[in-house]
Amino acid sequence: IRTVMAGRKPLVVGLATAFAAVVISCSIVMVVFDGYVVPSEANSPTLQPGDRILTRGVDGDVERGQLVIYAPPRGSVGSELLVGRVVATGGDTVGSSDGSLTVDGEVVSEPYLADGIWTDDLDEIDVPDGHVLVLGDLRTNSMDSVFGPVPVENIERRVAARWWPISRVGSI
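So, here's what we can say about the structure.

### Concerning the pairing of strand β11 (residues 155-164)
Right, so step 1: As defined by bridge partners, strand β2 (residues 52-57) adjoins β11 across six bridges and the pair is classed as antiparallel. Looking across to β11, one finds that Arg56 is bridged to Arg158.
Right, so step 2: Sheet topology note: the strand β3 (residues 67-70)/β11 ladder contains three bridges and is antiparallel. Paired with Tyr70 across the bridge in β11 is Ile155.
Right, so step 3: The hairpin formed by β11 and strand β12 (residues 170-171) contains five residues between the paired strands.

The following block contains the structure:
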């Protein structure tokens, strides 16, 4: 009997350790990250409607290329939080040329756009300091920054990872 019980002790300790690790990991994720369900196809193919994403707080400067959760400026499209990609920051001049996004006169590489998606009819915009310009990845079917530059303080979260569906789990 003593030999049988001795063999179980490492198993119990191992299971208890694994359980504690899962609880601690989940607690850290819940404190650092916040969940969000993608409401539209505005950022397809990167994000699809119904994708579950983890977001984290904005800790410092917002940079070009980041996907963010933001509140539209007052008096614009409503109060619902939106998801979009920062394409320009304060001091940048944004426009389009031959279907491509330009920042300060230079064509911007946008590997996250699906084939056949282009940026057109974007009048030149000077982004003021303390603001960013946010566009959806699916330019032909998103609200984009139709209301112009967004104040940086309206950026609520940064998109960090997708956790659902399982087939598309990963960092963004």
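From this point on, the discussion continues.
### Digging into the sheet that holds strand β8 (residues 125-126)
Right, so step 1: With antiparallel pairing, four strands are arranged side by side in an open sheet as β7-β6-β5-β8. Bordering the open sheet on either side are β7 (106-107) and β8, each of which pairs with just one other strand.
Right, so step 2: Across two bridges, the pairing between strand β5 (residues 93-97) and β8 is antiparallel. Residue pairing for β8: Thr93 is matched across the bridge by Asp126.

### Brief notes about the nonpolar core
Right, so step 1: One finds Val62, Val68, Tyr70, Leu82, Val86, Val132, Val134, Phe147, Val150 and Ile155 forming the largest nonpolar core, which totals ten residues.
Right, so step 2: Contributions of two or more residues to this core are made by β3, β4 (82-89) and β9 (131-135).
Right, so step 3: Setting aside chain neighbours within four positions, we find Val62 in contact with Val68, Val86, Thr89, Val132, Val152, Ile155 and Arg158.
Right, so step 4: Counting residues in each nonpolar core, the second largest holds nine residues, with Val87, Val94, Leu133 and Leu135 among its members.

### Here we look at the pairing of strand β6 (residues 100-103)
Side-chain direction in a regular strand flips from residue to residue, so the side chains alternate between the two faces of the sheet.
Right, so step 1: Looking at chain direction, β5 and β6 are connected through four bridges and run antiparallel. When the sheet's bridge partners are listed, Val94 is paired in β6 with Val103.
Right, so step 2: Counted along the chain from β5 to the antiparallel partner β6, the turn is two residues long, and its residue Asp98 has a positive phi close to 50°.
Right, so step 3: The pairing of β6 with β7 spans two bridges and is antiparallel.

Thresholds, definitions, all that
Residues numbered from 1 in each chain as written. Predicted model: local features only at pLDDT ≥ 70, side-chain atom pairs only at ≥ 80, totals over all residues. Heavy atoms only, no water. Pairing = 2+ DSSP bridges. Helix = DSSP H or I, 4+ residues; strand = E, 2+ residues; numbered from the N terminus. Core = buried A, V, L, I, M, F, W, Y, C linked by side-chain atoms within 4.5 Å. Buried < 20%, exposed > 50% of the residue type's maximum accessible area, 1.4 Å probe, protein only. Contact = heavy atoms within 4.5 Å.

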